[in-house]
Amino acid sequence: MTQSEDTGQDRIRTDIAHNARVWNYWLGGKDNYLIDRQVGDQVTGMYPSIGQVARADRAFLGRVVSLLAGEDGVRQFLDIGTGLPTVDNTHEVAQRIAPDSRVVYVDNDPIVLTHARALLTSTPEGRTEYIDADAHRPADILRAVEPTLDLSRPVAVMMLGILNFILDTDAATSIVHRIMDAVPSGSYLVLTHPTLELGGEGNAAAMAFWNENATPPITARTRTEFAGFLAGLDVLEPGIVSCARWRDGGATTVEVAQFGAVGRKR
């Protein structure tokens, strides 16, 4: 197990809402505190579709991992910004389809660290690991993923709802490109990111409230900014869309204010 000896308990703040716990609350989980529920309810009052965003993001993950582990034969997944485990986590979806899949989760949230053991389950044929590391330091992540992942073979890099916490767009883009430069041809980049361009009425005010009352601070990005993360990759159809509508088979009419896209490295 690759993580710090610290259990993370001494870093957990219960007096301020934290994204991982609030997100868990919106998904119907129980790994949250009163302050998380209070802030979560306030955000929901300002932006009622936030629960739909959380569920759509999770469903997007399931569809993408199913596609990559199945049709595209990917056997390695690097999930950066893991969040708290709920249902159908990356390793569960991948190993259900391909039991030999190898998955590395990365997060530096102390409450996620305390739940790492819940993530560290695997089929006998595969492997699941957790790394306590900061997305701002991609070199550290790339060093730590080996030997669980073989970076000479294709890797699906999952960055769902994480780049919105890196407020400087140039810095966020540099992090993405640094990681994708380290993986070979045939690798994938999987992204979701909040935006104000998909009818997110109330979203701007809700984000402002969040940044005043919770941690870490968050930012929305435009389609052009989001596309910059995918520069140099072949973007799979249907391109950059609301994550709720990415290859959903026409099953939903909902368009949540969260971009989703998948790019393949040539």
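Residues numbered from 1 in each chain as written. Predicted model: local features only at pLDDT ≥ 70, side-chain atom pairs only at ≥ 80, totals over all residues. Heavy atoms only, no water.

> I tried to follow the side chain of S187 on my own but got confused; where do I start?
Mapped onto the elements of the fold, S187 is located in the loop between α8 (169-181) and β6 (188-194). There is a polar contact of 3.0 Å between the side chain of S187 and the backbone nitrogen of V155. Reaching out from S187, the side chain makes a polar contact with the backbone oxygen of P184 at a distance of 2.8 Å. (Helix = DSSP H or I, 4+ residues; strand = E, 2+ residues; numbered from the N terminus. Polar contact = N/O pair within 3.5 Å; in protein donor to acceptor, adjacent residues only side chain to side chain.)

> Explain the nonpolar core here, please?
As a rule of thumb, nonpolar side chains are buried together in soluble globular proteins. Membership of the largest hydrophobic core comes to 86 residues, with the highest contact counts inside it found for L68, F77, L78, I80, M159, L163 and L189. No other element matches helix α3 (residues 50-69), which puts 11 residues into this core. Residues in contact with I80, not counting those within four places in the same chain, are V106, A135, I141, V157, M158, M159, L160, I162 and I179. (Core = buried A, V, L, I, M, F, W, Y, C linked by side-chain atoms within 4.5 Å. Buried < 20%, exposed > 50% of the residue type's maximum accessible area, 1.4 Å probe, protein only. Contact = heavy atoms within 4.5 Å.)

> Is there a simple way to think about helix α2 (residues 34-46) in this case?
Since the α-helix turns once every 3.6 residues, residues separated by three or four places project in the same direction. Over its 13 residues, α2 runs 19 Å from end to end, which matches the ideal 18 Å to within 8%, given 1.5 Å per residue. Of all the residues in α2, the buried ones are D36, V39, G40 and V43. One side of α2 carries all its buried residues, which in axial view fall inside an arc of 105°. Seen from the buried face of α2, the exposed residues on the opposite side, beyond 90 degrees, are L34 and G45. Those residues of α2 that are buried lie in contact with β1 (17-18), α1 (19-26), α3, α9 (203-213) and β7 (214-215). (Expected span 1.5 Å × (residues − 1). Arc of directions from axis to C-beta.)

> Where do I start with unusual backbone geometry in this structure?
Leave glycine aside and you will find that most residues have negative phi; peptide bonds, for their part, are mostly trans. Between E146 and the following residue, P147, the backbone shows a cis peptide bond with an omega angle of 10°. Within the fold, P147 resides in the loop between α7 (138-145) and β5 (156-160). Cis geometry marks the peptide bond from T215 to P216; its omega dihedral reads -10°. In this structure, P216 sits in the loop between β7 and α10 (223-229).

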